[in-house]
Amino acid sequence: VQLQAFGGGLVQAGDSLRLSCAASVRTFSRYTMTWFRQVPGKEREFVATIRYNSNKVYAEAVKGRFTISRDNSQNMVYLHMNSLKPEDKAVYYCAASSTVIASQLSSRGAYDSWGQGTQVTVSS
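Residues numbered from 1 in each chain as written. Predicted model: local features only at pLDDT ≥ 70, side-chain atom pairs only at ≥ 80, totals over all residues. Heavy atoms only, no water.

What the protein contains, in helices and strands, is zero helices and eleven strands. Along the chain direction, N to C, the helices and strands of the protein fall in the order β-β-β-β-β-β-β-β-β-β-β. In terms of overall dimensions, the protein has C-alpha extents of about 40 × 25 × 25 Å along its principal axes. Each of the 124 residues in the protein was classed as buried or not, and the buried ones make up 46%. Looking at the protein alone, contacts between residues at least 24 apart form 57% of all its contacts between residues at least 6 apart. Carbon and sulfur atoms make up 44% of the accessible area of the protein, which totals about 6400 Å². (Helix = DSSP H or I, 4+ residues; strand = E, 2+ residues; numbered from the N terminus. Buried < 20%, exposed > 50% of the residue type's maximum accessible area, 1.4 Å probe, protein only. Contact = heavy atoms within 4.5 Å. Areas by Shrake-Rupley, 256 points an atom, 1.4 Å probe, with all protein chains shown as cover.)

See below:
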């Protein structure tokens, strides 16, 4: 699966931003799609996931502010980010897996396909 993430940018605290991830695979609807983020010097961390059945899971740090969604007809997954905070600044990556199990949704190692990342910067 080839993934391309885009939509990052520079925003102010409190603003909103929507990230997009395009997937090139025929069976997109079968894939769990997940967003991770990473800041320099830290491990890549889980942000949100949406399963093939549209079940969603969020990291505590973004719950209530971020919304993940997908459009299977367009092979797209989105991350709607509201009320952005300076600590949300990171490179955001989308990842895909058709085999990840529920207990491993937030595990980086469970995903074998990754996009190139898109930078989100939030100024205070």
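From this point on, the discussion continues.
Moving on, we get to the packing of aromatic side chains. Counted under the stated rule, the structure contains four aromatic pairs. Residues Phe36 and Trp114 carry aromatic rings whose centres are separated by 5.0 Å and whose planes lie at 50° to one another, so their mutual orientation is tilted. Remark: Trp114 occurs in strand β10 (residues 113–114) and Phe36 occurs in strand β4 (residues 32–38); sequence separation between them is 78 residues. Each member of the aromatic cluster is reached from another via a ring pair, and the members are Phe36, Phe46, Tyr111 and Trp114. When the ring centre of Tyr93 is taken as reference, the NZ or CZ atom of Arg44 above it lies at 3.6 Å. The ring centre of Phe28 lies 4.6 Å from the NZ or CZ of Arg70, which sits over that ring. (Phe/Tyr/Trp six-rings, centres within 6.5 Å; stacked < 30°, edge-to-face > 60°. Lys NZ or Arg CZ within 6 Å of the ring centre and 35° of its normal.)

Right, let's get into the sheet that holds strand β8 (residues 76–81). Taken in spatial order, the four strands of this open sheet run β1-β3-β8-β7, and their pairing is antiparallel. Each having just a single partner strand, β1 (2–6) and β7 (66–71) make up the two edges of the open sheet. Strand-to-strand twist of the sheet, defined as the mean angle between neighbouring strand axes without regard to direction, takes the value 15°. Pairing analysis gives six bridges linking strand β3 (residues 17–24) to β8, with the strands arranged antiparallel. Residue Leu19 lies in a different strand from β8, and its bridge partner there is Leu79. (Pairing = 2+ DSSP bridges. Axes fitted to C-alpha atoms, helices over the stretch in contact; angles between N-to-C directions.)

Quick look at the environment of Arg18 now. Along the chain, the position of Arg18 falls in strand β3. Separated by 34 residues in sequence, Arg18 and Tyr52 place their C-alpha atoms 21 Å apart.

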